[in-house]
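One-letter residues, chain by chain:
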Amino acid sequence: MSKRISKMLFSKERVELALIDDLRKAEADVKKFSEEANGAGLSDVRKAVQKADRSYTQLLRASENAIEIADKFIAAAKELGIDDKEAQGVKNLAKSTENDAEYWIKELNASQYS
(Lines give C-alpha, C1' and ligand atoms only; values in the text may rest on other atoms or scores of the structure.)
Protein backbone atom coordinates (compact mmCIF):
# COMPACT_ATOMS: atom_id res chain seq x y z
CA MET A 1 0.00 0.00 0.00
CA SER A 2 2.85 2.41 0.72
CA LYS A 3 4.16 1.94 -2.85
CA ARG A 4 0.76 2.96 -4.18
CA ILE A 5 0.60 6.04 -1.98
CA SER A 6 4.16 6.89 -2.94
CA LYS A 7 3.30 6.62 -6.65
CA MET A 8 0.24 8.81 -6.14
CA LEU A 9 2.26 11.47 -4.32
CA PHE A 10 5.00 11.39 -6.97
CA SER A 11 2.39 11.67 -9.72
CA LYS A 12 0.79 14.61 -7.94
CA GLU A 13 4.17 16.36 -7.65
CA ARG A 14 4.79 15.92 -11.39
CA VAL A 15 1.40 17.44 -12.16
CA GLU A 16 2.14 20.37 -9.85
CA LEU A 17 5.55 20.89 -11.47
CA ALA A 18 3.96 20.80 -14.93
CA LEU A 19 1.39 23.34 -13.82
CA ILE A 20 4.13 25.63 -12.51
CA ASP A 21 5.90 25.41 -15.87
CA ASP A 22 2.63 26.15 -17.67
CA LEU A 23 1.96 29.07 -15.36
CA ARG A 24 5.43 30.54 -15.97
CA LYS A 25 5.02 30.18 -19.74
CA ALA A 26 1.58 31.82 -19.58
CA GLU A 27 3.05 34.69 -17.55
CA ALA A 28 5.89 35.13 -20.06
CA ASP A 29 3.37 35.19 -22.94
CA VAL A 30 1.23 37.80 -21.18
CA LYS A 31 4.25 40.02 -20.55
CA LYS A 32 5.55 39.62 -24.11
CA PHE A 33 2.24 40.40 -25.80
CA SER A 34 1.51 43.23 -23.40
CA GLU A 35 4.82 44.87 -24.27
CA GLU A 36 4.13 44.42 -27.99
CA ALA A 37 0.58 45.75 -27.80
CA ASN A 38 1.45 48.71 -25.59
CA GLY A 39 4.77 49.40 -27.28
CA ALA A 40 5.29 49.26 -31.01
CA GLY A 41 1.74 48.07 -31.75
CA LEU A 42 0.11 51.01 -30.02
CA SER A 43 2.66 53.41 -31.45
CA ASP A 44 1.85 52.19 -34.98
CA VAL A 45 -1.86 52.69 -34.35
CA ARG A 46 -1.30 56.21 -33.02
CA LYS A 47 0.79 57.12 -36.07
CA ALA A 48 -1.85 55.74 -38.43
CA VAL A 49 -4.63 57.66 -36.65
CA GLN A 50 -2.60 60.89 -36.75
CA LYS A 51 -1.86 60.42 -40.45
CA ALA A 52 -5.52 59.72 -41.23
CA ASP A 53 -6.58 62.74 -39.18
CA ARG A 54 -4.19 65.00 -41.13
CA SER A 55 -5.45 63.59 -44.43
CA TYR A 56 -9.10 64.15 -43.51
CA THR A 57 -8.33 67.65 -42.26
CA GLN A 58 -6.71 68.45 -45.60
CA LEU A 59 -9.71 66.93 -47.40
CA LEU A 60 -12.06 69.06 -45.31
CA ARG A 61 -10.16 72.25 -46.19
CA ALA A 62 -10.03 71.34 -49.89
CA SER A 63 -13.75 70.54 -49.90
CA GLU A 64 -14.66 73.82 -48.18
CA ASN A 65 -12.50 75.69 -50.69
CA ALA A 66 -14.12 73.89 -53.65
CA ILE A 67 -17.61 74.70 -52.33
CA GLU A 68 -16.67 78.37 -51.95
CA ILE A 69 -15.25 78.57 -55.49
CA ALA A 70 -18.22 76.65 -56.95
CA ASP A 71 -20.64 79.05 -55.25
CA LYS A 72 -18.80 82.01 -56.76
CA PHE A 73 -18.81 80.37 -60.19
CA ILE A 74 -22.53 79.57 -59.95
CA ALA A 75 -23.33 83.17 -58.99
CA ALA A 76 -21.22 84.51 -61.87
CA ALA A 77 -22.74 81.99 -64.30
CA LYS A 78 -26.26 83.12 -63.38
CA GLU A 79 -25.32 86.75 -64.00
CA LEU A 80 -23.83 85.87 -67.37
CA GLY A 81 -26.60 83.45 -68.28
CA ILE A 82 -24.29 80.45 -68.80
CA ASP A 83 -24.61 76.82 -67.73
CA ASP A 84 -23.52 76.05 -64.19
CA LYS A 85 -24.05 72.27 -64.19
CA GLU A 86 -20.35 71.47 -63.97
CA ALA A 87 -19.96 73.77 -60.98
CA GLN A 88 -23.01 72.18 -59.37
CA GLY A 89 -21.40 68.76 -59.83
CA VAL A 90 -18.16 69.96 -58.25
CA LYS A 91 -20.10 71.50 -55.39
CA ASN A 92 -22.06 68.28 -54.78
CA LEU A 93 -18.86 66.23 -54.80
CA ALA A 94 -17.19 68.66 -52.41
CA LYS A 95 -20.18 68.59 -50.04
CA SER A 96 -20.06 64.81 -49.98
CA THR A 97 -16.33 64.70 -49.26
CA GLU A 98 -16.75 67.48 -46.69
CA ASN A 99 -19.33 65.39 -44.83
CA ASP A 100 -17.08 62.31 -44.98
CA ALA A 101 -14.11 64.29 -43.70
CA GLU A 102 -16.09 65.81 -40.81
CA TYR A 103 -17.41 62.40 -39.83
CA TRP A 104 -14.00 60.73 -39.82
CA ILE A 105 -12.28 63.61 -38.02
CA LYS A 106 -14.85 63.27 -35.23
CA GLU A 107 -14.46 59.47 -35.16
CA LEU A 108 -10.68 59.59 -35.13
CA ASN A 109 -10.66 62.11 -32.28
CA ALA A 110 -13.54 60.60 -30.29
CA SER A 111 -11.35 57.98 -28.64
CA GLN A 112 -9.30 60.75 -27.04
CA TYR A 113 -12.29 61.86 -25.01
CA SER A 114 -13.85 58.55 -24.03
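Anything mentioned here points back to the structure above.
Bear in mind that the values here come from a model prediction, so they are computed numbers and not experimental data.

**Quick word on the overall build of the protein chain**
In step 1: The helix and strand tally for the protein chain stands at two helices and zero strands.
In step 2: Per-residue burial for the protein chain yields a buried fraction of 14% across its 114 residues.
In step 3: Taking all contacts inside the protein chain whose residues are at least 6 apart in sequence as the whole, residues at least 24 apart take part in 64%.
In step 4: When the accessible surface of the protein chain is totalled, it reaches about 9,600 Å², and 57% of it is carbon and sulfur.

**Regarding the packing of aromatic side chains**
In step 1: All chains considered together, the criterion is met by two aromatic pairs.
In step 2: A centroid spacing of 6.4 Å and a plane angle of 25° characterise the contact between Tyr56 and Trp104, whose relative ring orientation is stacked. Note that Tyr56 is positioned in helix H1 (residues 2–80) and Trp104 in helix H2 (residues 85–110), a separation of 48 residues in sequence.
In step 3: Cluster of aromatic residues (ring-pair linked, three or more members): Tyr56, Tyr103 and Trp104.

**A word on the side chain of Asp53**
In step 1: Mapped onto the fold, Asp53 is located in helix H1.
In step 2: One buried charged residue, Asp53, remains without a salt bridge, the closest side chain of opposite sign being Arg54 at 7.2 Å.
In step 3: Within the structure, Asp53 has its side chain in polar contact with the side chain of Asn109 (distance 3.1 Å).
In step 4: With residues near it in sequence (within four places) discarded, Asp53 still touches Ile105, Leu108 and Asn109.

Here is what the cut-offs are and how they apply
- Residues numbered from 1 in each chain as written.
- Predicted model: local features only at pLDDT ≥ 70, side-chain atom pairs only at ≥ 80, totals over all residues.
- Heavy atoms only, no water.
- Helix = DSSP H or I, 4+ residues; strand = E, 2+ residues; numbered from the N terminus.
- Buried < 20%, exposed > 50% of the residue type's maximum accessible area, 1.4 Å probe, protein only.
- Contact = heavy atoms within 4.5 Å.
- Areas by Shrake-Rupley, 256 points an atom, 1.4 Å probe, with all protein chains shown as cover.
- Phe/Tyr/Trp six-rings, centres within 6.5 Å; stacked < 30°, edge-to-face > 60°.
- Lys, Arg positive; Asp, Glu negative; His and termini not counted.
- Salt bridge = Lys/Arg side-chain N within 4 Å of Asp/Glu carboxyl O.
- Polar contact = N/O pair within 3.5 Å; in protein donor to acceptor, adjacent residues only side chain to side chain.

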